[in-house]
Amino acid sequence: MSRVIADLFGTEPGVVFPLLTKTARLDMVDYYNNGQQVAIQNNLAGESRLLELDSAYLKLQASGSKVVEMRMRKVGKDTVITVIETVMTPVPDSRLTQWNSHWQRYTSDRLFSMPSIDDFIIKKMPDELRLDLQDAMIFPLVQLTFKGENHNVIEATHGLEQFLAPSEYKRFAPYLKPSITYRFNGLKIKRVK
């Protein structure tokens, strides 16, 4: 088992971090551990920067439009790495994947269900307004991020306020939850009721 998340960051085979060589990743960790946030040139001639790092959590500005967060945790005898990749489209949109310490992906949909815009709607939204919202949302944009003192909570937020015109958003806002919270439960990531 790897001791800290920096070890897993260094051994990642290039699926999560295709823009960064192993050497570049290890250099970023060394700089960070020496109190420096140095921008490293990535494979697209852009810049990548390590923003946060502790023993179990890492946050990286992979490029100008992408942020990657990693959270390592013990589940039984296994080490599980939960990765959140967020792309600015320009409204943030995330995806979550989970991996073991050998960077083999857990693929079961039962481990985490990405929230849709419907999950943010409170039940008392009028049906015609719900239909208007479905028409306005061509594709759902949901941002995920780790929260909490130990980054042990995942918060999902919708991008409707940035995506819709202010007058449109105002119609829907009273019927929308600002966020949804998830917690780790073994390999699963469960919505907090």
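The structure we're discussing is the one just above.
What counts, and at which threshold
Residues numbered from 1 in each chain as written. Predicted model: local features only at pLDDT ≥ 70, side-chain atom pairs only at ≥ 80, totals over all residues. Heavy atoms only, no water. Phe/Tyr/Trp six-rings, centres within 6.5 Å; stacked < 30°, edge-to-face > 60°. Buried < 20%, exposed > 50% of the residue type's maximum accessible area, 1.4 Å probe, protein only. Helix = DSSP H or I, 4+ residues; strand = E, 2+ residues; numbered from the N terminus. Pairing = 2+ DSSP bridges. Contact = heavy atoms within 4.5 Å. Axes fitted to C-alpha atoms, helices over the stretch in contact; angles between N-to-C directions. Salt bridge = Lys/Arg side-chain N within 4 Å of Asp/Glu carboxyl O. Expected span 1.5 Å × (residues − 1). Arc of directions from axis to C-beta. Core = buried A, V, L, I, M, F, W, Y, C linked by side-chain atoms within 4.5 Å.

Asks: I tried to follow the packing of aromatic side chains on my own but got confused; where do I start?
Replies: Here a ring pair, both rings aromatic, is described through the centre-centre distance and the interplanar angle of the planes. Tallying each qualifying case throughout the model produces five aromatic pairs. Residues phenylalanine 9 and phenylalanine 17 carry aromatic rings whose centres are separated by 5.0 Å and whose planes lie at 85 degrees to one another, so their mutual orientation is edge-to-face. Note on phenylalanine 17: relative accessible area 3%, which makes it buried. With a centroid separation of 5.9 Å and an interplanar angle of 80 degrees, the aromatic rings of tyrosine 57 and phenylalanine 146 are classed as edge-to-face. Of this pair, tyrosine 57 sits in strand β3 (residues 57–63) while phenylalanine 146 sits in strand β8 (residues 142–147), and the two are 89 residues apart along the sequence. For tyrosine 57, a relative accessible area of 2% puts it in the buried group.

Asks: I'm lost on the sheet that holds strand β1 (residues 40–41) in this one. Help?
Replies: Two pairing modes exist for strands in a sheet, parallel and antiparallel, and in both the strands are linked by backbone hydrogen bonds. Strand order in this open sheet of seven strands is β1-β2-β3-β4-β5-β6-β7, and the pairing throughout is antiparallel. Each of the sheet's edge strands pairs with one partner strand only, and the pair in question is β1 and β7 (105–106). Two elements, strand β2 (residues 47–53) and β3, share four bridges in a ladder whose sense is antiparallel. Paired with arginine 49 across the strands is glutamine 61, a residue of β3. The sheet contacts of helix α2 (residues 22–33) involve β1, β2 and β3, and relative to β2 the element is tilted by about 50 degrees.

Asks: Sorry if this is basic, but what is going on with the pattern of salt bridges here?
Replies: Should their charged atoms come close, side chains of opposite charge can pair. Applying the stated criterion across every chain, the model contains seven salt bridges. Two residues, aspartate 119 and arginine 191, come together in a salt bridge whose shortest N-O distance is 3.7 Å. Note that aspartate 119 is positioned in helix α3 (residues 117–120) and arginine 191 in strand β11 (residues 188–191), a separation of 72 residues in sequence. Residue class for aspartate 119 comes out partly exposed when judged on its relative accessible area of 26%.

Asks: Is there a simple way to explain α2 in this structure?
Replies: Because an α-helix completes one turn every 3.6 residues, residues spaced three or four positions apart along the sequence face the same direction. Taking 1.5 Å as the rise per residue, α2 with twelve residues should run 16 Å; its terminal C-alpha atoms sit 17 Å apart, in good agreement. Regarding α2, the residues found buried are Ala24, Arg25, Met28 and Val29. Down the axis of α2, the buried set is contained in an arc of 140 degrees. They therefore lie on one face. Facing away from the buried surface of α2 by more than 90 degrees, the exposed residues are Thr23 and Asn33. Just downstream of α2 lies glycine 35, where phi reads positive at about 80 degrees.

Asks: What's the story with the nonpolar core in this structure? I'm lost.
Replies: In globular proteins that are soluble, nonpolar side chains generally tend to be buried together. In this structure, Phe9, Leu58, Leu60, Met70, Val83 and Trp103 are the most contacted members of the largest nonpolar core, which totals 23 residues. Tallying contributions element by element places helix α1 (residues 5–11) first for this core, with four residues. Discounting chain neighbours no more than four positions away, the residues touching methionine 70 are Ile5, Leu8, Phe9, Phe17, Ala56, Tyr57, Leu58, Ile81, Thr82, Val83, Trp103 and Phe146. The next biggest cluster of nonpolar side chains, apart from the first, holds 13 residues, and it includes Phe112, Phe120, Ala156 and Tyr182.

Asks: When you look at the environment of glycine 64 in this model, what are you seeing that I'm missing?
Replies: Turning to its location among the elements, glycine 64 is positioned in the loop between β3 and β4 (66–75). Taking the C-alpha atoms as reference points, glycine 64 and arginine 49, 15 residues apart in sequence, are found 9.9 Å from one another.

Asks: Whenever I open this one, the sheet that holds strand β10 (residues 179–185) confuses me. Can you help?
Replies: With antiparallel pairing, the four strands of this open sheet are ordered in space as β8-β9-β10-β11. Two strands bound the open sheet, and with one partner strand each, they are β8 and β11. Pairwise comparison of adjacent strand axes, ignoring direction, gives a mean angle of 30 degrees for this sheet.

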